[in-house]
Amino acid sequence: MGNGGRFARAAGIAFGLIVLASAAQAAPPPLRIGWLSSLTGALSSAAIAQNQGVQFAVDEINAAGGIAGRKIELLTYDTAGDPTKAVNFAKKLVFEDKVQFVIGPVNSGESLATVPILAKAGIPNLVIGALDELIDPHRYPLAFRAINTNRQWISPANDYALKVLKRSKVALIGDTSGYGTASTKAAAELLEKAGVKPVYSVLVDPNKTDLTDEMGKARAAGADVVMPWSAATGLLARVLNARGEAGWKVPVVGHPALMAPPIRKLLNKPEYWENAFAVGYVSTTYTADGKLPERTQALLSRIRQKLGTGELDLMFWWVALGYDTVHIVEHAVKAAGGTEPAAIQKVLEATHELKGVFATYSWSPTQHNGFPDHNTLMNLANTFHDGSFQAAPQQ
Amino acid sequence: MLAALVTGIATGAVYAAVALAYNLMFSTSKVLSVTTGHLCMLGGVLGAWAMGNAHLPMPVALALAVAGGGLAGWITDVVAIRRVLARSDEHLWLLSTLALATMLQQAVGLWWGTEPKPFPRLLAQDFGAGLGDQKYWLPVVVAAAAALGLELFYRRTLYGKLFLAMSEDAFAARARGIPTDRIRSLSYVMAGMLGALAGFAAGQLTFAFFALGLTLTLNGFIALAVGGLGSNRGALAGGLALGLVNSLATYGLGGEYQQTISVGLLLLVLLLRPQGLFGVRALRPV
């Protein structure tokens, strides 16, 4: 190779380096968000739907140029609903992947294990588990909840049973899981605060094959409303089947899973789903004229193609919640002017009425539960249609 | 109370069928496979898919579920048992069958989904039949028929006698020219078919649910230990006893004590009669 050739090669390399350097200077580093999602395992239904919302929000924001010019890099880990895996992945996100935010995990049991780890590492964490104990501004100053608390599910259900249906003889049925046990206890406490002592209360294995006895005992105890607190659709379907086969016309009021689409197929007869009411959300409840709230409808129109053809067979509120979490990160980073955790905390604690699709969020220095009470309402359980529900009658 | 008894007998029959499948595999390999409950789960899921999704007639769905169970049983032997037994006398089969059971459950979860799904009606009967509903008595009929069939198989057929010979002394059986590997494989296929048949019959009771396997593995083992390892009559008695104790404990005390009482029953039997209700105390001449 002659001198001319060497010069041309050197010039080429130099030019390449300059281009690379300038490109590196031009493109700011990506914003790394960790997403702990139980995409497989026993608790995957909600996580899969949330994942659709999270991915869609990331794609939309990146297509529009990112957050303050920074593209989002989403690091998704499947925890399979296992707290041990959730802990391992949380540590990986913090110490190896060096993320700036963590969304999730999806389930409260997993979050109980990861929230302290993320708090210690000083990483802002958007909590999407409903268990009350997950949020504590003093112990976990960077943990902010984007979903309702468990009590925000229980209270409207209790109010509906006592004040709207005007029932006072409550039978509580919970499952023996940690969630079922805690919820049933909380429901009993809230009922007693309202001056009502349950006439019957029982915990059963979530896989118990028949609830005829429990429903029979509730009936014999004089119950005029049955309130199941369990996320196990199999158990809830068995409550409805036992009620239907006994010809008992008592209303069933309780957990949102009571209106989950899989229940429809588990019922012996479709009419067994009537006279059942579950806690839902304003954002995914049809108005009297059959329309969804504006923001929900707008997201649904944009995302529908990604969710497959035909009617949705998933609860759209999970999608909306996933979508909102990414936009909460966007709001925090934009307002804080970066990802410095103390600045993010300050911004989120000053956030008032941030309008999302799932809910309108507000946090303060003393209140890191951002979901307002008025965003829940009671739905008619058997009205699932295209991802949303009809409101329960108010008289 | 009557409902508690009927439910207890029905679920006890499912545990008994799982215990019978344990016995089949144990007789030729001295292995208590963790996949046993999963074979039952597979019968329920395959049956629900064949009838509910593929719209196949019930006899075809039954044949498919039983064949699927048999295949899973054979895979258990090939993947988790054969090489482990050939290379080691230690109880490594506990780990290998646990690994296979976990893989089987995850695979079914990914394919079938993680929510329980309905199992179609097998016989024309209105849902208003109450405690006479087929979901209660089908598992009982299948467990009783399986126990009877196995007794006849052991007593009246050459292969049954080969199973017994291997159960007594596998090394002596091999020395007398019995193809022990083939007989063991056959026992695993039969156990898979029996487990799947039980899962198919109990599908309306349990729903088709991917996570059922481990529960059935545990309860089937308790039933087996209570009844006596190796005894088919013991498996039936142990299954029914466990089902009734579980159901009556839930009825009387609530579900939070159910698991404690099940395991407490196991502990009690192990302390008072380690060989189980129908088991034979093993005597070792010294």
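**Q** Help me out: how do you make sense of the overall build of chain B in this one?
**A** What chain B contains, in helices and strands, is 12 helices and zero strands. Against the compact-globule benchmark of 19 Å for 286 residues, chain B has a radius of gyration of 18 Å, which places it among compact chains. In terms of principal-axis extent, the alpha carbons of chain B reach across some 60 × 45 × 35 Å. The buried share of chain B, reckoned over its 286 residues, is 54%. In chain B, 75% of the contacts between residues at least 6 apart in sequence involve partners at least 24 apart. Total accessible area on chain B stands at roughly 12,900 Å², and carbon and sulfur atoms take up 69% of it.

**Q** For this particular structure, what's the right way to read the pattern of salt bridges?
**A** Close approach of charged atoms lets side chains of opposite charge pair. Residues and elements named next belong to chain B. In this structure the tally under the stated criterion is 17 salt bridges over all chains. For Arg82, the salt bridge is made with Asp77, and the minimal N-O distance between the two is 3.5 Å. We classify Arg82 as partly exposed; its relative accessible area is 33%. A salt bridge links Asp181 to Arg174; the shortest N-O distance between them is 3.5 Å. Salt bridges sharing partners connect three or more residues here, namely Asp77, Arg82, Arg174, Asp181 and Arg184.

**Q** Looking at this structure, how should I read unusual backbone geometry?
**A** Omega for the peptide link from Gly104 of chain A to Pro105 of chain A comes to 5 degrees, which places this bond in the cis form. Counting through the fold element by element, Pro105 of chain A comes out in the loop between strand 3 (101–103) and helix 4 (108–121). Notably, Ala80 of chain A is not glycine yet its phi reads approximately 55 degrees, a positive angle. Relative to the helices and strands, Ala80 of chain A is located in the loop between strand 2 (72–78) and helix 3 (83–96). Of note, the phi angle at Phe207 of chain B is positive, near 65 degrees, even though the residue is not glycine. Inspection of the secondary structure assignment puts Phe207 of chain B in the loop between helix 9 (203–206) and helix 10 (212–227).

**Q** What should I look at first to understand empty space enclosed by the protein in this one?
**A** By rolling a water-sized probe across the atoms, one finds the places where empty space is left. Residues and elements named next belong to chain B. For the structure on display, the rule yields one cavity of 30 Å³ or more. Taken as a whole, the largest cavity spans an internal volume of roughly 60 Å³. Cys40, Met41, Gly199, Thr206 and Leu212 are, among the 13 residues lining the largest cavity, the residues nearest its centre. For the lining of the largest cavity, the secondary structure elements donating two or more residues are helix 2 (36–53) and helix 10. Considering each element in turn, the lining of the largest cavity owes the most residues, four residues, to helix 2.

**Q** Looking at this structure, how should I read the side chain of Gln204 of chain B?
**A** All names here are of chain B. Within the fold, Gln204 resides in helix 9. Within the structure, Gln204 has its side chain in polar contact with the side chain of Arg121 (distance 2.9 Å). Discounting chain neighbours no more than four positions away, the residues touching Gln204 are Phe119, Pro120, Arg121, Leu122, Gln134, Lys135 and Leu138.

**Q** Is there a simple way to think about the layout of surface pockets in this case?
**A** Residues and elements named next belong to chain B. When its volume is computed, the second largest pocket comes out at roughly 870 Å³. Lining the second largest pocket are 28 residues, with Phe26, Ser167, Leu229, Gly230 and Ser231 positioned closest to its centre. Every element with two or more residues in the lining of the second largest pocket is listed here: helix 1 (2–29), helix 5 (134–156), helix 6 (158–168), helix 10 and helix 11 (232–253).

**Q** Looking at this structure, I do not really get the interface of chain A and chain B. What am I missing?
**A** How big an interface is tends to be reported as the loss of accessible area on association of its parts. Every contact between the two is made by 27 residues of chain A and, on the other side, 29 residues of chain B. Together chain A and chain B conceal approximately 2,400 Å² of surface at their shared face, both sides included; 54% is due to carbon and sulfur atoms. The largest contributions to the chain A side of the interface with chain B come from Thr209, Asp213 and Leu266 of chain A, which together make up 22% of the buried area. Put simply, chain A and chain B have two salt bridges between them.

**Q** Explanation requested: the packing of helix 1 of chain B against helix 11 of chain B in the structure shown.
**A** To characterise two packed helices, one gives the angle between the axes of the helices and the distance between these axes. Residues and elements named next belong to chain B. In contact at an axis separation of 6 Å, helix 1 and helix 11 are set at 145 degrees when each is read in the N-to-C sense. The way helix 1 lies across helix 11 gives a crossing that is right-handed. In terms of residue class, the contact of helix 1 with helix 11 is made up of 15 nonpolar, 10 polar and no charged.

**Q** Before we go on, may I ask you to explain the domain arrangement of chain A in this structure?
**A** Residues and elements named next belong to chain A. Taken domain by domain, chain A consists of domain 1 (31–149 + 313–374) and domain 2 (151–287 + 378–390). For domain 1 and domain 2, the distance between their C-alpha centroids amounts to 29 Å. Contacts between the two partners involve 16 residues from domain 1, matched on the other side by 17 residues from domain 2. Where domain 1 abuts domain 2, roughly 1,400 Å² becomes buried across the two surfaces, and 64% of that area is made up of carbon and sulfur atoms. The tally of links between domain 1 and domain 2 comes to zero salt bridges. Viewed at the interface, domain 2 and domain 1 are joined by eight residue pairs in polar contact (both at pLDDT 80 or more). Within the side of domain 1 that touches domain 2, the residues separate by chemical class into 10 nonpolar, three polar and three charged.

**Q** Explanation requested: the packing of helix 2 (residues 44–63) of chain A against helix 10 (residues 294–303) of chain A in the structure shown.
**A** Residues and elements named next belong to chain A. At a minimum axis distance of 12 Å, the contact between helix 2 and helix 10 shows a crossing angle of 80 degrees. Here helix 10 runs roughly perpendicular to helix 2, going by the angle between their axes. Within the contact between the two elements, helix 2 uses Gln52, Phe56 and Glu60 and helix 10 uses Leu299, Arg302 and Ile303. Classifying every residue of the contact of helix 2 with helix 10 by side-chain character gives three nonpolar, one polar and two charged.

**Q** Honestly, the environment of Thr11 of chain B in this entry has me stumped. Any pointers?
**A** If you trace the backbone, Thr11 of chain B turns up in helix 1. If we skip the residues at most four places from it in the chain, Thr11 of chain B touches Thr209 of chain A together with Leu205 and Gly243 of chain B.

**Q** Even after reading the chapter, I still don't get helix 3 (residues 58–87) of chain B, so can you show me in this structure?
**A** The periodicity of an α-helix, 3.6 residues per turn, causes residues three or four places apart in sequence to face the same way. Look at helix 3 of chain B: 43 Å from first C-alpha to last across 30 residues, which is about the 44 Å you get at 1.5 Å a residue. Ile81 of chain B marks the point of greatest bend in helix 3 of chain B, at about 40 degrees.

**Q** Where do I start with the packing of aromatic side chains in this structure?
**A** The relation between two aromatic rings is expressed through the spacing of the ring centres and the mutual angle of the planes. Going through the model one piece at a time under the given rule, you end up with 20 aromatic pairs over all chains. Between Phe153 of chain B and Tyr154 of chain B, the aromatic rings sit 5.8 Å apart at their centres with planes inclined by 55 degrees, giving tilted as the arrangement. Here the two residues Phe153 of chain B and Tyr154 of chain B agree in accessibility, since each one is buried. The structure contains a cluster of three or more aromatic residues connected by ring pairs, namely Tyr281, Trp317, Trp318, Phe358, Phe371, Phe384 and Phe389 of chain A. Directly above the aromatic system of Tyr251 of chain B lies the positively charged group of Lys217 of chain A, at a separation of 3.9 Å from the ring centroid. A cation over an aromatic ring shows up here: Lys117 of chain B above the ring of Trp112 of chain B, its NZ or CZ 4.5 Å from the ring centre.

**Q** How should helix 3 of chain A be read in this particular structure?
**A** Residues and elements named next belong to chain A. If you check helix 3, its first and last C-alpha atoms are 19 Å apart, about what 14 residues at 1.5 Å a residue would give, namely 20 Å. The complete set of buried residues in helix 3 reads Ala86, Val87, Ala90, Leu93 and Val94. All buried residues of helix 3 fall inside an arc of 130 degrees around its axis, so they share one side. Facing away from the buried side of helix 3, by more than 90 degrees, are the exposed residues Thr84, Phe95 and Glu96. A distance of 2.9 Å separates the backbone nitrogen of Thr84 from a side-chain oxygen at the start of helix 3, and that oxygen is part of Asp82. Among the residues trailing helix 3, Lys98 stands out with phi positive, at a value near 55 degrees.

**Q** Can you walk me through the environment of Pro262 of chain A in this structure?
**A** Of note, Pro262 of chain A is situated in helix 9 (residues 261–266). Separated by 25 residues in sequence, Pro262 of chain A and Ala237 of chain A place their C-alpha atoms 9.0 Å apart.

Parameters at a glance
- Residues numbered from 1 in each chain as written.
- Chains lettered and ligands numbered in written order.
- Predicted model: local features only at pLDDT ≥ 70, side-chain atom pairs only at ≥ 80, totals over all residues.
- Heavy atoms only, no water.
- Helix = DSSP H or I, 4+ residues; strand = E, 2+ residues; numbered from the N terminus.
- Rg over C-alpha atoms; globule rule 2.2 N^0.38 Å.
- Buried < 20%, exposed > 50% of the residue type's maximum accessible area, 1.4 Å probe, protein only.
- Contact = heavy atoms within 4.5 Å.
- Areas by Shrake-Rupley, 256 points an atom, 1.4 Å probe, with all protein chains shown as cover.
- Salt bridge = Lys/Arg side-chain N within 4 Å of Asp/Glu carboxyl O.
- 1 Å grid on protein atoms, 1.4 Å probe; cavity = no way out; pocket = protein on both sides within 12 Å on 5 of 7 lines; lining within 4 Å.
- Points joined across faces, edges and corners; volume = space filled by probe spheres on them.
- Polar contact = N/O pair within 3.5 Å; in protein donor to acceptor, adjacent residues only side chain to side chain.
- Buried area = accessible area lost by both parts, 1.4 Å probe.
- Axes fitted to C-alpha atoms, helices over the stretch in contact; angles between N-to-C directions.
- Left-handed = near helix turned anticlockwise from the far one by under 90°.
- Nonpolar A, V, L, I, M, F, W, Y, C, P; charged D, E, K, R; others polar.
- Domains from an automatic or database assignment.
- Parallel < 35°, antiparallel > 145°, perpendicular 65-115°, else oblique.
- Expected span 1.5 Å × (residues − 1).
- Bend = angle between axes of the 7 residues up to and from the residue.
- Phe/Tyr/Trp six-rings, centres within 6.5 Å; stacked < 30°, edge-to-face > 60°.
- Lys NZ or Arg CZ within 6 Å of the ring centre and 35° of its normal.
- Arc of directions from axis to C-beta.

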